[in-house]
Amino acid sequence: MQRHTLCPIAGQISSKNGNDQQAPTSRFMRHAAIFSISIPMRLLALTALFITILTTSAHADHDGQPHDHDTNTAHSDQPLVTTANVSTSTQASTSDTSKISTATSTSSGDAIQQFVAGDFSQRQAMLSDWPGSVESLDSLVEFIANDELYQGNSGQTYLLNKDDQLFTYPNKEETADWPSDLSQITLTNALRSALIFGQAKVKLASDKPAQRLQAVDILANNIDQVDPAIITAAAANEDSAKVKKALTALQARIDFKNGDLPTQITAVKLLADSDSPQVLVDIESALAADNLDSALEAALVDAESSVSRRIKISTWTGHIFTGMSTASILLLAALGLAITFGLLGVINMAHGELIMIGAYTTYMVQNFFQAYMPDMAGWYLLAAIPAAFLVSAIIGMIIERIVIRPLYGRELETLLATFGVSLILMQLVRMIFGAQNVEVSNVAWLSGAYQVSSSLVLPYNRIAIIGFTVIIVALLVYLLNKTRFGLFIRAVTQNRQMAKAVGIPSARIDMMAFGLGSGLAGMAGCALAQVGNVGPDLGQTYIIDTFLVVVVGGVGQVWGAVLAALGLGVSGTVLEIGIGAVLAKIVLLVLVILFIQKRPQGLFALKGRFVE
């Protein structure tokens, strides 16, 4: 009777330790028999039972499924409760059926589906020798890191996002049919370690140098568990100089930690060429130790100075790059204003809202692609750029025709009128899209970053913005200097009355030039949507900075706007590092005021005769 009483208790205790089923074993039965002899023996038996349960649960995976070698040794003289994936050796027919079911589920589907359907040992084996592609393993890592990977009733694979939307895998279609026992796929420490080194192993075998560099980074972040033989073998077969240099640096870090004194000194001299912050931490920790050998200490001091200098260079290079990307955004926003302000003499306070319209146009194009062309959704940005230009240009021409044209020559009235237009546009956007920010996703081919060195990473989206700005400036310079339309714009800007006298339709040129400036603002909004929030107040964030760029650069001067944007963007970023964002803005405004007092015409002044 003791035997029948203890089995459910053991199952309950095991369940509290993460198991999904009762799993009494022959060891439990022996303890039950001893328990009925005497009180001291019962205490001993109960202690042994507790130790056995802890040992069994320690070998279970996160779903509560024990190892195969544990289940194969379990036996009992009464039927046991089994799950879909695990059976006991006492039930031969159930075991055969379960194994066939498991083999079928793990052999079907892609590698991620096989991983989800497998048990602990199968998952560990898959991670050690991943059967799928590098991309599928990266997807698995991402799903698990974001807590998105789940398993259904019969081993199906699901993805649950942060908004509690359930998707089938691999087709990623949303489903409302939630399984009754949906369980999250998590990793034990053993599986997590296997995943780390399995990912490194797969990437080291890749034919892409970038992925092999990622493998080196993974190993470097787990350097205490790395087998040096792996590094030696990878370096011997490596044909990329950049990857080989990274492997050599990793080998030097391992030698520095574990080698003898001559090996450590040699390793420190190699690490002196590094710009990795982690290498600097290792060197500083070694210098803090007592009783250092004099030769090793001298090598460490030299290496610390070299690594610190290299890290500072990389850090400031990153700051300058950030300043250039900020300058590119300012320049995109200011180019249109430079044309309209220089040509018409209108202080267009609605220019920021035209930037906002370009950003919302990008949002609408993204939604259109996702709804009607999901296969092409990753390329929506290529269609959003001309769409943002056209929508903003049309709205700008309407504003010029209805609001600004009757007010030419009355600067104060045009300032107030365009300020009212900006309020109207902001309120219309709030009525249509709501007051909250909308989500514009980054396209996949602009996600991620280019790693120049261990301490310098350049985001792809900011690199693209800089390149996009260079292309726009080149096209604008060509348009203004090499086309008939550009000639008319320059003529009207320099002498409106003379341009009218020679037959240039100044009214139509005004409208088209205002449309061109508004379209450039729309493209600036399209670019901003990739790096910042898109909301009704987007334009207000940049309107003051764009006016500063135009005034400092010179009214109507493209190259002046380029230099002013570079100066304000880079200097603003550098000042923010030293004194903070608020004080940096104040200092920058003071410097601009002083500059305008000394040179009111800006960096470049218009040349020509003016008739007022």
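Everything numeric in this text was worked out from a predicted model, so none of it was measured. (Residues numbered from 1 in each chain as written. Predicted model: local features only at pLDDT ≥ 70, side-chain atom pairs only at ≥ 80, totals over all residues. Heavy atoms only, no water.)

With respect to the pattern of salt bridges
- Scanning all chains against the criterion turns up five salt bridges.
- With a shortest N-O distance of 3.6 Å, D273 and R310 are connected by a salt bridge. Of this pair, D273 sits in the loop between α13 (261–271) and α14 (277–287) while R310 sits in helix α15 (residues 294–344), and the two are 37 residues apart along the sequence.
- Classification of D273 by relative accessible area gives partly exposed; the value is 47%.
- Of the residues examined, R310 reaches a relative accessible area of 33% and is grouped as partly exposed.
- Note that E400 is salt-bridged to R405, the shortest N-O span being 3.4 Å.
- Taking relative accessible area as the criterion, E400 reaches 0% and is therefore assigned buried. (Salt bridge = Lys/Arg side-chain N within 4 Å of Asp/Glu carboxyl O. Helix = DSSP H or I, 4+ residues; strand = E, 2+ residues; numbered from the N terminus. Buried < 20%, exposed > 50% of the residue type's maximum accessible area, 1.4 Å probe, protein only.)

Some remarks on the sheet that holds strand β3 (residues 166–168)
- Taken in spatial order, the four strands of this open sheet run β3-β2-β1-β4, and their pairing is antiparallel. The two strands at the open ends of the sheet, each matched to only one other strand, are β3 and β4 (183–184).
- Pairing geometry for strand β2 (residues 157–160) and β3, over three bridges, is antiparallel. Pairing of L159 across the sheet is with F167, part of β3. (Pairing = 2+ DSSP bridges.)

As for the packing of aromatic side chains
- Evaluated as defined, the whole model comprises six aromatic pairs.
- Seen from their ring centres, F368 and F369 are 6.3 Å apart, and the 75° between their planes marks the pair as edge-to-face.
- Residue placement shows R123 over the ring face of F115; its charged tip is 5.4 Å from the ring centre. (Phe/Tyr/Trp six-rings, centres within 6.5 Å; stacked < 30°, edge-to-face > 60°. Lys NZ or Arg CZ within 6 Å of the ring centre and 35° of its normal.)

Some points on the pairing of strand β5 (residues 449–453)
- Where β5 meets strand β6 (residues 456–459), four bridges bridge the pair, whose relative direction is antiparallel. Counterpart to Y450 in the pairing with β6 is L458.
- If you look at the hairpin formed by β5 and β6, you'll find two residues sitting between the two strands.

As for the side chain of T418
- The topology assignment puts T418 in helix α18 (residues 411–433).
- Relative accessible area serves as the criterion here: at 0%, T418 is assigned to the buried category.

Some words on the packing of helix α16 (residues 351–372) against helix α22 (residues 506–528)
- Interaxial distance between α16 and α22 falls to 6 Å at its minimum, and their mutual angle equals 55°. Taken together, the axes of α16 and α22 are oblique relative to one another. Of the two elements, α16 crosses α22, and the hand of that crossing is right-handed. Seen from α16, the contacting residues are H351, L354, I355, G358, A359 and T362; seen from α22, they are G517, S518, A521, G522, A524, G525, C526 and L528.
- Here the residues of the contact of α16 with α22 sort into seven nonpolar, seven polar and no charged. (Axes fitted to C-alpha atoms, helices over the stretch in contact; angles between N-to-C directions. Parallel < 35°, antiparallel > 145°, perpendicular 65-115°, else oblique. Left-handed = near helix turned anticlockwise from the far one by under 90°. Contact = heavy atoms within 4.5 Å. Nonpolar A, V, L, I, M, F, W, Y, C, P; charged D, E, K, R; others polar.)

Some points on the environment of F433
- Within the secondary structure, F433 is located in helix α18.
- Here F433 falls in the partly exposed class, since its relative accessible area comes to 27%.
- For the pair F433 and Y360, spaced 73 residues apart in sequence, the C-alpha separation works out to 8.9 Å.
- Once you skip the residues sitting within four places of it in the chain, F433 turns out to touch Y360, Y363 and M364.

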